[in-house]
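Notes for the structure review
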Amino acid sequence: MTDSEEITFRFDQVPPCARCGGEALLRVRFGHSWTNITGHLVEGFREADLCPACDSGATPADDLLALFAVAERVPLTHLAEFGCRVVAWVESVRQPRSTWFVCEVRKTLTGTTASCPDTSSRPTVP
Ligand SMILES: [Zn+2]
């Protein structure tokens, strides 16, 4: 058993955005696992910043940014909604790389030539 589904987040004294150095609203840390080239499952953590400058324009991030726009501090009454949006956003951050990567690894291991359907979501390295 692992805690790979656990998401921890902080919105007090959030470090600057790792991508642009601007003011990030939220930093999340979440379990992240992938299959390496030898077929072994590797587990680790990733961190992601929610940054108005870098993340606006993508739907799950926009939903979350909208909530921050309404309230500087997330009110307790919105905590469940906030949690849902955080999870949706983390999934959007987490998925493209793993889906694409798993597909590529599967191709390598099985020797198939099928193209991965989601190459457009291949991660861009800043
Ligand atoms: Zn940024």
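In the block above lies the structure referred to throughout.
Cut-offs used in this document
Residues numbered from 1 in each chain as written. Predicted model: local features only at pLDDT ≥ 70, side-chain atom pairs only at ≥ 80, totals over all residues. Heavy atoms only, no water. Helix = DSSP H or I, 4+ residues; strand = E, 2+ residues; numbered from the N terminus. Buried < 20%, exposed > 50% of the residue type's maximum accessible area, 1.4 Å probe, protein only. Pairing = 2+ DSSP bridges. Axes fitted to C-alpha atoms, helices over the stretch in contact; angles between N-to-C directions. Contact = heavy atoms within 4.5 Å. Donors = N, O, S within 2.8 Å, 3.2 Å for Na, K, Ca; no water. Tetrahedral: all angles 85-135°; square planar, octahedral: opposite > 155°, others 65-115°. Phe/Tyr/Trp six-rings, centres within 6.5 Å; stacked < 30°, edge-to-face > 60°.

It is worth spelling out unusual backbone geometry at this point. Phi is positive for glutamine 13, which is not a glycine, with a value near 50 degrees. Its location among the elements puts glutamine 13 in the loop between strand 1 (7-10) and strand 2 (26-35). Using a relative accessible area of 73% as the deciding quantity, one classes glutamine 13 as exposed.

We now examine the sheet that holds strand 1. Judged by pairing direction, the sheet is antiparallel, and its three strands sit side by side in the order 1-2-3 without closing on themselves. The open sheet terminates on both sides in strands that have one partner only, identified here as strand 1 and strand 3 (41-50). Put simply, the sheet's adjacent strands are angled 25 degrees from each other on average, direction ignored. Against the sheet, helix 2 (residues 59-70) contacts strand 2 and strand 3, and its axis sits at roughly 45 degrees relative to strand 3.

Within the protein, the atoms that donate to the zinc ion are Cys17 (SG), Cys20 (SG), Cys51 (SG) and Cys54 (SG), at distances of 2.2 to 2.3 Å. Here the zinc ion binds four donor atoms, and the angle range of 105 to 112 degrees at the metal identifies the geometry as tetrahedral. Counting along the primary sequence, the residues that act as donors to the zinc ion give the motif C-x2-C-x30-C-x2-C.

Before going further, it helps to spend a moment on the pairing of strand 2. Note: strand 1 against strand 2, four bridges, orientation antiparallel. Each residue of the ladder has a partner; that of arginine 10, found in strand 2, is arginine 27. Bridge count for strand 2 against strand 3 is 10 bridges, and the pairing is antiparallel. Looking across to strand 3, one finds that leucine 26 is bridged to leucine 50.

On to the packing of aromatic side chains, then. Summed over the entire model, instances satisfying the criterion amount to two aromatic pairs. With a centroid separation of 5.5 Å and an interplanar angle of 70 degrees, the aromatic rings of phenylalanine 9 and phenylalanine 82 are classed as edge-to-face. With phenylalanine 9 in strand 1 and phenylalanine 82 in helix 3 (residues 79-110), the pair connects residues that are 73 residues apart, well separated along the chain. Residue classification places phenylalanine 82 among the buried residues on the basis of a relative accessible area of 1%. Geometrically, the ring pair formed by phenylalanine 68 and phenylalanine 82 is edge-to-face, given 5.8 Å between the ring centres and 75 degrees between the ring planes.

Coordinates in, geometry out; function isn't part of it.
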